[in-house]
Amino acid sequence: MPDAIRAGKTTVIIPTGGTEQNGPHMILGKHNVRVTLMAGEIARRLGNALVAPTMAYVPEGNIDPPSGHMLFPGTITLPPEHFAKVVEFAARSLKVAGFTDILLIGDSGPNQAPQKQVAEMLNQEWATTPTRVHHLDKYFSGSGFGAWLATQGAKPEGNHAHLSDTSLQLAVDPSGVRRSLMAPGRWGDGTGVNGDPTRATAEFGKKGLELIVEAAVKQFGELRLSSRR
């Protein structure tokens, strides 16, 4: 790593995924597989970036009483404040190593607010230093993938283990999807699915991956400049 930093790799990506139920048709580690691959692609496109190990444990619901994905076996959760501390000290560690741009990309919804909080707090603390932390929320919600699917006559309904979610997994690692068990579901019906994954395809997923990576790279370009004004 010191040689890489001296060679100009001063940007690092912290990917955060999740370990959660995804209905009967998809693997628990969907988010981890996905964000690891896309972090690598973002780093490749930036040209001067490295990727930290993916964080597999994130906020997924309460323990007692169980809520959210914790209502289903296999899910592992962290309280948001504990997740934020892990992200914070990962970023602090990477600053010590010499990185000056630290990118946070989260593949799951509950990751977003703690990551934003950490970025804002550290940027305020480090305002007089060269280092900045960038929460790339466009990675999660600003790619336009859903809108593009609608143009293909496949507007996704729901928000979990559904068409777009399953398509992305098919593109990244089809072995993580059991097609024979794909079926529509709704929150509260006991399936853990919210939406209809049955029309999911790897081709849809490949387009989604491209849009997500493009959105993240573009947002970093904007934040890298605006965060230092």
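Here, the structure is the one placed above.
Let me sum up the structure you'll find in this document. Quantities reported herein were computed from a predicted structural model and do not represent experimental measurements. (Residues numbered from 1 in each chain as written. Predicted model: local features only at pLDDT ≥ 70, side-chain atom pairs only at ≥ 80, totals over all residues. Heavy atoms only, no water.)

Counting residues in hydrophobic clusters, the biggest one holds 24 residues, and the most contacted among them are Ile13, Met38, Ile42, Ile105, Leu136 and Tyr139. Within the residue set of this core, elements represented by two or more residues are helix 2 (30–46), strand 3 (101–106), helix 6 (145–151), helix 7 (163–172) and helix 8 (202–226). Examining the composition of this core, we find that seven residues originate from one element, helix 8, more than from any other. Not counting chain neighbours up to four residues away, the residues in contact with methionine 38 comprise Asp107, Tyr139, Leu209, Ile212 and Val213. By size, the runner-up hydrophobic cluster in this structure holds 19 residues, among which are Ile5, Val12, Ala52 and Ile102. (Core = buried A, V, L, I, M, F, W, Y, C linked by side-chain atoms within 4.5 Å. Buried < 20%, exposed > 50% of the residue type's maximum accessible area, 1.4 Å probe, protein only. Helix = DSSP H or I, 4+ residues; strand = E, 2+ residues; numbered from the N terminus. Contact = heavy atoms within 4.5 Å.)

Two faces, one strand: in a regular strand the side chains alternate between the faces of the sheet. In terms of burial, strand 3 is largely enclosed, as six of its six residues are buried. Residues Asp101, Leu103 and Ile105 point to one face of strand 3 and Ile102, Leu104 and Gly106 to the other, with burial holding for every one of them. Summarising the sheet, strand 3 and strand 4 (residues 132–135) pair through four bridges and their orientation is parallel. Paired with aspartate 101 across the two strands is arginine 132, which belongs to strand 4. In this region the chain leaves strand 3, passes through helix 4 (residues 112–125) and returns to the parallel neighbour strand 4; the handedness of that crossover is right-handed. (Pairing = 2+ DSSP bridges. Right-handed = clockwise from strand over helix to strand, strands pointing away.)

Considering all chains together, one arrives at 13 salt bridges under this definition. Glutamate 88 is paired through a salt bridge with lysine 85; the nearest N and O atoms lie 3.2 Å apart. Residue glutamate 88 and its partner lysine 85 are located together in helix 3 (residues 80–97), separated by three residues, close to a single helical turn. Assessed through its relative accessible area of 5%, glutamate 88 is described here as buried. The closest approach of N and O atoms between arginine 92 and glutamate 88, which form a salt bridge, is 2.9 Å. With a gap of four residues between them, arginine 92 and glutamate 88 both fall in helix 3, about one helical turn apart. Assessed through its relative accessible area of 21%, arginine 92 is described here as partly exposed. If you follow the salt bridges from partner to partner, you end up with Glu20, Lys30, Arg34, Asp107 and Asp165 in one network. (Salt bridge = Lys/Arg side-chain N within 4 Å of Asp/Glu carboxyl O.)

The next point concerns helix 3. Taking 1.5 Å as the rise per residue, helix 3 with 18 residues should run 26 Å; its terminal C-alpha atoms sit 26 Å apart, in good agreement. Considered for burial, the residues of helix 3 that qualify are Phe83, Ala84, Val87, Glu88, Ala91 and Leu94. The buried residues of helix 3 occupy an angular sector of 135 degrees when the element is viewed end-on, so they sit on one face. Among the exposed residues of helix 3, those oriented more than 90 degrees off its buried face are Glu81 and Val96. Next to the buried residues of helix 3 lie strand 1 (11–16), strand 3 and helix 4. Residue glycine 98 follows helix 3 closely and has a positive phi angle near 120 degrees. (Expected span 1.5 Å × (residues − 1). Arc of directions from axis to C-beta.)

Before going further, it helps to spend a moment on unusual backbone geometry. A negative phi angle is the norm for most residues apart from glycine, just as the trans form is the norm for most peptide bonds. The peptide bond linking aspartate 64 to proline 65 adopts the cis configuration, its omega dihedral lying at 0 degrees. Along the chain, proline 65 turns up in the loop between strand 2 (49–51) and helix 3. Unlike most non-glycine residues, alanine 161 shows phi in positive territory, near 55 degrees. Mapped onto the secondary structure, alanine 161 falls in the loop between strand 5 (158–160) and helix 7.

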